[in-house]
Amino acid sequence: MKLRSVELQVPDRSAAARFLLEIWGLIDAGNRRATGFFRGSGEDPYILSLSDAPTTGVTSVTFSAPEAEVRALHSHLAAAGGAPQFVSEFDEPGGGGGFLATGPEGHVYRFVTENRVQPIPDRDRPIGLTHVPLNAVDRDACARFAVETLGFRLSDRTRIMTFVRCSEVHHALAFVQ
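Basis of the calculations
Residues numbered from 1 in each chain as written. Predicted model: local features only at pLDDT ≥ 70, side-chain atom pairs only at ≥ 80, totals over all residues. Heavy atoms only, no water. Core = buried A, V, L, I, M, F, W, Y, C linked by side-chain atoms within 4.5 Å. Buried < 20%, exposed > 50% of the residue type's maximum accessible area, 1.4 Å probe, protein only. Helix = DSSP H or I, 4+ residues; strand = E, 2+ residues; numbered from the N terminus. Contact = heavy atoms within 4.5 Å. Pairing = 2+ DSSP bridges. Axes fitted to C-alpha atoms, helices over the stretch in contact; angles between N-to-C directions. Arc of directions from axis to C-beta. Salt bridge = Lys/Arg side-chain N within 4 Å of Asp/Glu carboxyl O.

> Please give an account of the nonpolar core that cites residues and values.
V61, F63, Y109, F111, F152, L173 and F175 are the most contacted members of the largest nonpolar core, which totals 34 residues. For this core, the leading source of residues is helix α3 (residues 139–149), giving 4 residues.

So this is what it looks like as structure tokens:
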């Protein structure tokens, strides 16, 4: 499993999109309804999406894995009482099926079957997403959900952050209090 993307909501999607394209160097990966998708130069179909909303926030964090791994996690989550919401096909670049899971503070995690795209050879652009920090009132409860329910592993702690990982990379999520 790997961290694939983060889905954001913003009040001014066009200004945020200009920033991502012109300053960060992300690549336009298309639009679906009121959502714009942006990719890096790596193999992920997109690494960040923007949707219009009155306030700024994280809509969801997406992880990808082979279909068998996504199905196994879905079964584990259902057995643990996590109430995963099955999605037969996500309407986004890369598509794929999977499910949604909601953490103790309302953070939405999406798990999708991986679908790779051709990398773009450009050393001056971001390759992919490496981690997502999430604000948390009770970071211990959020980390416990990620470890005990989603099967992630605790990587590290500081006075104000707890880091968890879903692969050998140091962390995919940081819960910040």
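> A description of the environment of F145 should follow, citing residues and the corresponding values.
Relative to the elements of secondary structure, F145 occurs in helix α3. The class of F145 is buried, set by a relative accessible area of 13%. Between the C-alpha atoms of F145 and F38, which are 107 residues apart in sequence, the distance is 29 Å. Residue contacts for F145: discarding those within four places in its chain leaves T102, G103, P104, Y109 and L150.

> Hey, could you go over the sheet that holds strand β4 (residues 48–52) for me, with residue numbers and the actual values?
The strand order across the open sheet formed by 8 strands is β2-β3-β4-β1-β5-β8-β7-β6, and the pairing between neighbours is mixed. Sheet topology places β2 (27–32) and β6 (85–87) at the edges, where each strand pairs with a single neighbour. Going from strand to strand, the sheet's axes swing by 25° on average, the running direction of each strand aside. Across 5 bridges, the pairing between strand β5 (residues 57–65) and strand β8 (residues 108–113) is parallel.

> So what about the pairing of β4? Which residues, and what values?
Burial within β4 is extensive, with 4 of its 5 residues counted as buried. Two strands pair when backbone bridges link them, and strand β1 (residues 2–10) and β4 are joined in this way by 5 bridges, in the parallel orientation. Bridging across to β4, Q9 finds its partner in S51.

> Just give me the short version of helix α1 (residues 13–24), but keep the residues and values in it.
Along α1, the residues classified as buried are R13, A17 and L20. End-on, the buried residues of α1 take up no more than an arc of 60°, which puts them together on one face. Exposed side chains of α1 directed beyond 90 degrees from the buried face belong to E22 and I23. On its buried face, α1 sits against β1, β2, β3 (35–39) and β4. G25 sits one or two residues past α1 and shows a positive phi near 85°.

> Help me get a handle on the pattern of salt bridges, residues and values and all.
The full count for this structure, using the stated rule, is 13 salt bridges. For the salt bridge of R153 with E168, the shortest nitrogen-to-oxygen distance reads 3.5 Å. In this pair, R153 is assigned in strand β10 (residues 153–157) and E168 in the loop between β11 (161–165) and β12 (173–176), connecting sequence segments 15 residues apart. Looking at E168, the relative accessible area reads 70%, which means it is exposed.

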